[in-house]
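What follows is each chain in one-letter form.
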Amino acid sequence: MDERERALGAARSAALEFLAGLDDRPVWPRATLDDMLAEFGGPLADTGVDAETLVTDLAARATPGLVGIPGGRFFGFVIGGTLPAALAADWLVSAWDQNSGSSTMTTATVALERIAGAWICDLLGLPATASVGFVTGAQMSNWVCLSIAQHAVLRRAGWDLTRAGLRGAPPVRVIVGAHRHGSIDRALRFCGIGADEITVVPADAEGRMLPAGLVAALAGASGIPTIVCLQAGEVHTGAFDPVAELVPLAKEHGVWVHIDGAFGLWAAASPALHHLTDGIGGADSWTTDAHKTLNVPYDCGMAIVRDPADSIAMFRTGGDYLVFTSLDPWDVTPELSRRARGVPVWAALRSLGREGAAALVDRLHANARRLEAGLGRVPGITVVHEVVYTQVMFRLDDDDATRALGAAILADGTAALTGAEWDGHPTLRCSMSSWATTEDDIDRTVAAIARLAEEQVSRGS
């Protein structure tokens, strides 16, 4: 048995041991960053280590600093678990080691990604001819889509930024909702558009953009290159902008419409929840993730653009040795060299099928409603929004007690959730994103929260 085979065997054993122990281990890490720096640090040794020994030692020493994300009771941020087929396919991606930018070289992985992109567009009701670029996540997808949008609206105004740059370019107006995700503002900074150049439209109590506010904002957009950013799934409440009403309003003014649907766009895959995304197909670009609702391994986001020509115009690769074939992966995203991150997407979708994808989304929603119902029976806890999708946000009446409850939940280890701010008050937010979450996981989490909330309320009384 050679060194590679022994190392891979050690990795397989360690991975299976980690996954098998998720139900019993604390969800939140027991070791701090300083602990892990001390564990793995020190000067680089003069001599190397056998690969099998290294992998076995690495897995054992890292364990206290690992988060139970693949398990059923991790509800922090908006992070999915990993479907078995997607995990196994990701192992193959690493073993194959294909640089998946060129459709003339790595033909198998590029074909798998192209098919996965087509399946996604079909499943979510997006144009079949759209370009689908596989990037690291929603942050990069938002930047890719907005940079393409910026180039496109400037080109329509007679300015080619790929030749003339941005100095002296006509101003680009960007209209966003009051509760857009922070990655939108960050992506705009990458495009050279600052906060003072953004027009913010008011939102309702759930975080949904108000149509009357968009009408008012668009009134001053005539003749100005303009991008409107809408949202499918507010990260705290899960609320959806009324896209079916907003997109036609924007299109009356000929503006580019981008939809940030990092996790919410997947509601379109469910017949029961599809109404939340009515009208999304009328936009020009869309952001979504596969490592959230679809449950593939990190990292994998998708930048979807209605007209591939717009993507190519912004990102077409140069170089006399990079042959242009009209829709290479490296012609629709910024990366030349990257792993085949779309292959686990193909595997996830193929393992689920259309019915399985719908059932997955429905189960995540059902878990959110079960958690909402359970928390509603806990004295002192208030769920602070309407649970329409996969997000559940709650708080105690006292701000300090709410923060203390969040810390106590992580220390307890039964489940993991993350803090947030809403309407000027601290809250605790749970995202139902994992295929592995069962009804028992929800009930165990509610029981732990109830016990810890009673302790906080007792201390305050």
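I will try to describe carefully the structure that is included in this document. These numbers were taken from a predicted model, which means no experiment stands behind them.

Here is what the cut-offs are and how they apply
- Residues numbered from 1 in each chain as written.
- Predicted model: local features only at pLDDT ≥ 70, side-chain atom pairs only at ≥ 80, totals over all residues.
- Heavy atoms only, no water.
- Pairing = 2+ DSSP bridges.
- Helix = DSSP H or I, 4+ residues; strand = E, 2+ residues; numbered from the N terminus.
- Right-handed = clockwise from strand over helix to strand, strands pointing away.
- Patch = residues over 30% accessible without salt bridge, like charges linked within 9 Å, V, L, I, M, F, W, Y side chains within 5 Å.
- Areas by Shrake-Rupley, 256 points an atom, 1.4 Å probe, with all protein chains shown as cover.
- Salt bridge = Lys/Arg side-chain N within 4 Å of Asp/Glu carboxyl O.
- Disulfide = S-S within 2.5 Å.
- Axes fitted to C-alpha atoms, helices over the stretch in contact; angles between N-to-C directions.
- Contact = heavy atoms within 4.5 Å.
- Core = buried A, V, L, I, M, F, W, Y, C linked by side-chain atoms within 4.5 Å.
- Buried < 20%, exposed > 50% of the residue type's maximum accessible area, 1.4 Å probe, protein only.
- Polar contact = N/O pair within 3.5 Å; in protein donor to acceptor, adjacent residues only side chain to side chain.
- Parallel < 35°, antiparallel > 145°, perpendicular 65-115°, else oblique.
- Left-handed = near helix turned anticlockwise from the far one by under 90°.
- Nonpolar A, V, L, I, M, F, W, Y, C, P; charged D, E, K, R; others polar.

### Overview of the pairing of strand E3 (residues 198-201)
Link 1 in the chain: With 4 bridges joining them, strand E2 (residues 173-177) and E3 adopt parallel strand pairing. Across the sheet, the residue bridging to Ile175 is Thr199, located in E3.
Link 2 in the chain: The handedness of the E2 to E3 crossover, carried by helix H8 (residues 182-190), is right-handed.

### Quick look at a nonpolar patch on the surface
Link 1 in the chain: Judged by side-chain polarity, Phe40, Val49, Leu54 and Leu58 come together as a nonpolar surface patch covering roughly 350 Å² of accessible area.
Link 2 in the chain: Mapped onto the elements, Phe40 comes out in helix H2 (residues 33-40).

### Considerations on the state of the cysteines
Working definition of a disulfide: a covalent bond connecting the sulfur atoms of two cysteines.
Link 1 in the chain: Within the structure shown, the criterion is met by 0 disulfides.
Link 2 in the chain: Just so you know, Cys121 is unpaired, no disulfide at all, and the nearest cysteine sulfur is the one on Cys145, 11 Å from it.

### Some points on the sheet that holds strand E7 (residues 301-305)
Link 1 in the chain: Overall, mixed pairing links the 7 strands, which are arranged E1-E7-E6-E5-E4-E2-E3 in an open sheet. With one partner strand each, in any of the chains shown, strand E1 (131-135) and E3 form the two edges of the open sheet. On average, adjacent strands in this sheet sit at an angle of 20° to one another, irrespective of strand direction.
Link 2 in the chain: Strand direction decides the pairing type here: strand E5 (residues 256-260) and strand E6 (residues 285-289), joined by 3 bridges, are parallel. In the sheet register, Asp260 faces E6, and the bridge partner there is Thr287.
Link 3 in the chain: Across the sheet, helix H11 (residues 308-315) lies against E1, E5 and E7, angled at about 110° from E7, the strand it touches most.

### Brief notes about the nonpolar core
The tendency in soluble globular proteins is for nonpolar side chains to be buried side by side.
Link 1 in the chain: Of all hydrophobic cores here, the largest spans 56 residues; its most connected members are Leu218, Ile259, Trp266, Met302, Ile304, Val345 and Tyr389.
Link 2 in the chain: For this core, the elements supplying multiple residues, two or more each, are helix H5 (107-124), E1, helix H9 (211-218), strand E4 (226-231), helix H10 (243-251), E5, E7 and helix H12 (343-376).
Link 3 in the chain: Met302 has contacts with Ile120, Val132, Gly133, Phe134, Val135, Ser141, Trp266, Trp286, Thr287, Thr288, Asp289 and Ala290, leaving out every residue within four places of it along the chain.
Link 4 in the chain: Counting 27 residues, the second-largest nonpolar core is a separate cluster that includes Val135, Val153, Cys191 and Ala303.

### Details of the side chain of Thr226
Link 1 in the chain: Mapped onto the elements of the fold, Thr226 is located in strand E4.
Link 2 in the chain: Taking relative accessible area as the criterion, Thr226 reaches 2% and is therefore assigned buried.
Link 3 in the chain: Within the structure, the side chain of Thr226 is placed 2.7 Å from the backbone oxygen of Ile224, a separation counted as a polar contact.

### Some points on the packing of H2 against helix H3 (residues 51-62)
Link 1 in the chain: At a minimum axis distance of 11 Å, the contact between H2 and H3 shows a crossing angle of 155°. Comparing the axis directions of H2 and H3 gives the class roughly antiparallel. In this structure, H2 crosses over H3, and the sense of that crossing is right-handed. Counting all contacts with H2, which are made through Met36, Glu39 and Phe40, the residues of H3 involved are Leu58, Arg61 and Ala62.
Link 2 in the chain: Looking at the contact of H2 with H3, its residues break down into 4 nonpolar, no polar and 2 charged.

### Let's talk about the pairing of E1
Link 1 in the chain: Buried residues dominate E1, accounting for 5 of its 5 residues.
Link 2 in the chain: What you see with E1 is no split at all: Ser131, Gly133 and Val135 on one side and Val132 and Phe134 on the other are buried throughout.
Link 3 in the chain: Where E1 and E7 come together, 5 bridges link them in antiparallel fashion. In the strand pairing of E7, Val135 is matched with Gly301.

### Structural notes on the sheet that holds strand E10 (residues 418-422)
Link 1 in the chain: Pairing is antiparallel in the open sheet, where 4 strands are placed in the order E8-E9-E11-E10. Strand pairing shows two members of the sheet lacking a second neighbour, strand E8 (382-383) and E10, which therefore form its edges.
Link 2 in the chain: One ladder, built from 2 bridges, connects E8 with strand E9 (residues 391-395); its direction is antiparallel. What sits directly across from Val383, in E9, is Phe394.
Link 3 in the chain: Lying on the sheet, H12 is in contact with E8, E9 and strand E11 (425-431); it crosses E9 at an angle near 15°.
Link 4 in the chain: Contacts from helix H13 (residues 399-412) reach E9, E10 and E11, with the element oriented near 35° to E11.

### Side note on the pattern of salt bridges
Link 1 in the chain: Applying the stated criterion across every chain, the model contains 24 salt bridges.
Link 2 in the chain: With a shortest N-O distance of 3.0 Å, Arg73 and Asp441 are connected by a salt bridge. A residue pair is termed long-range when its members are at least 10 positions apart, and Arg73 in the loop between H3 and helix H4 (84-96) and Asp441 in helix H14 (residues 439-460) qualify at 368 residues.
Link 3 in the chain: By relative accessible area, which is 5% here, Asp441 ends up buried.
Link 4 in the chain: Arg370 is the salt-bridge partner of Glu439, the closest N and O atoms lying 3.7 Å from each other. Of this pair, Glu439 sits in helix H14 while Arg370 sits in helix H12, and the two are 69 residues apart along the sequence.
Link 5 in the chain: Salt bridges linked by common partners bring Asp23, Arg73, Asp441 and Arg444 together as one network.

### Topic: the packing of H4 against H12
Link 1 in the chain: Relative orientation of the contacting elements H4 and H12 amounts to 150°, with a least axis distance of 8 Å. With respect to each other, H4 and H12 are oriented roughly antiparallel. The element H4 and its partner H12 pack so that their crossing is right-handed. When H4 is examined against H12, the residues Ala85, Ala86, Ala89, Asp90, Val93 and Trp96 are found in contact with a partner set consisting of Val343, Pro344, Ala347, Ala348 and Ser351.
Link 2 in the chain: Looking at side-chain class alone, the contact of H4 with H12 contains 9 nonpolar, 1 polar and 1 charged residues.

In short, geometric facts, not functional conclusions.
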